[in-house]
Amino acid sequence: MRFASLGSGSEGNALLISATSGITETQVMLDCGFGLREAESRLSHLHVDPKQLSGIIVTHEHQDHVGGVFRLARRHKIPVWITQGTLEAVRDEAAGVTVHICRDGESFVIGDLEIQPYTVPHDAREPVQYTATDGISKLGVLTDVGHSTPHLVDALRGCDALVLEFNHDTDMLAQSVYPPWLKARIGGQMGHLSNQQSAEILQSLDRNRLKRLIAGHLSQKNNSPDKVRSAIHGVLGDGDVEVVIADQASGFGWMA
Ligand SMILES: [Zn+2]
Ligand SMILES: [Zn+2]
């Protein structure tokens with residue numbers, strides 16, 4: 001199993017997950033917050049032809065996640081998996097695209113991948129995040145979440161690799177030029193995770209199998225990679241988990 005990112009942050013998100021069994025290869029995209037040309041160009045940097053994609057799975061209707069999903073899906077005839085609530089929010093864009101409804105607690109199969117959606121607290125209609133497994137390894141993804149829940153901690157148990165939001169540093173957000181309503185939204189219970197909240201989630205997870213941690217969805221104004229690394233180091237110490245910071249401009253390249 002391999003995964004890569006086209007970009008991570010409030011300007012646009014998209015992740016690729018790939019599994020191989022014998023001669024077949026399954027490639028799934030998780031969210032696409034980039035316009036059609038931008039997405040195609042970022043895919044080509046990762047040596048992926050959009051026609052190879054077996055599906056696009058969607059977390060929620062915020063533009064940095066869904067903005068490019070349906071144009072890419074329509075152009076390349078890619079089916080989309082989405083919750084009913086999210087679909088209601090973007091129904092006008094979905095015309096002409098094959099849509100499968102998914103929901104918390106019901107896993108589904110795309111080729112060689114089994115995908116599990118799980119509900120998270122975020123200010124959207126029916127937001128979910130996902131784990132994916134090829135039967136050997138498990139990848140967990142958690143971004144766009146306002147606070148930890150027992151449900152998400154349970155969903156992420158036993159991941160070999162984890163993409164985890166480290167959105168903002170609380171002090172930097174408080175001192176930023178953002179208007180008060182936006183600070184309240186980002187820092188609120190249905191907003192985004194602070195470095196400290198993410199570190200606490202990391203601390204509470206079953207990390208027995210964890211080999212790679214990717215910090216994602218960093219705020220470009222209210223966070224810094226150094227602060228994120230230090231929050232992660234506070235939990236993982238100098239252990240053998242490889243830590244990567246995902247970049248808004250370039251995401252990260254393929255990793256196993
Ligand atoms: Zn987002
Ligand atoms: Zn969001």
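What this report covers is the structure whose coordinates are included nearby. This is a predicted model, so every value here is computed, not measured.

## Remarks on the coordination of the zinc ion (ligand 2)
- The zinc ion (ligand 2) binds to the protein through His60 (NE2), His62 (ND1), His122 (NE2) and Asp144 (OD), with metal-donor distances spanning 2.1 to 2.4 Å.
- Taken together, the four donor atoms coordinating the zinc ion (ligand 2) span angles of 92 to 165° at the metal, a pattern that classifies the geometry as irregular.
- Here histidine 60 falls in the buried class, since its relative accessible area comes to 0%.

## Quick notes on the sheet that holds strand S4 (residues 53-57)
- Within the open sheet, the seven strands sit side by side as S6-S5-S4-S3-S2-S1-S14. Their pairing is mixed. Unpaired on one side and paired on the other, strand S6 (99-101) and strand S14 (252-255) mark the two borders of the sheet. The sheet shows a mean angle of 20° between the axes of neighbouring strands, taken without regard to direction.
- Of the pairings in the sheet, the one linking strand S1 (residues 2-7) to strand S2 (residues 14-21) comprises five bridges and is antiparallel in character. Each bridged residue has a counterpart across the sheet, and for serine 5 the counterpart in S2 is leucine 15.
- Its contacts with the sheet put helix H1 (residues 36-45) on S1, S2, strand S3 (24-30) and S4, and the angle it makes with S1 is roughly 140°.

Parameters and conventions
Residues numbered from 1 in each chain as written. Chains lettered and ligands numbered in written order. Predicted model: local features only at pLDDT ≥ 70, side-chain atom pairs only at ≥ 80, totals over all residues. Heavy atoms only, no water. Donors = N, O, S within 2.8 Å, 3.2 Å for Na, K, Ca; no water. Tetrahedral: all angles 85-135°; square planar, octahedral: opposite > 155°, others 65-115°. Buried < 20%, exposed > 50% of the residue type's maximum accessible area, 1.4 Å probe, protein only. Pairing = 2+ DSSP bridges. Helix = DSSP H or I, 4+ residues; strand = E, 2+ residues; numbered from the N terminus. Axes fitted to C-alpha atoms, helices over the stretch in contact; angles between N-to-C directions. Contact = heavy atoms within 4.5 Å.

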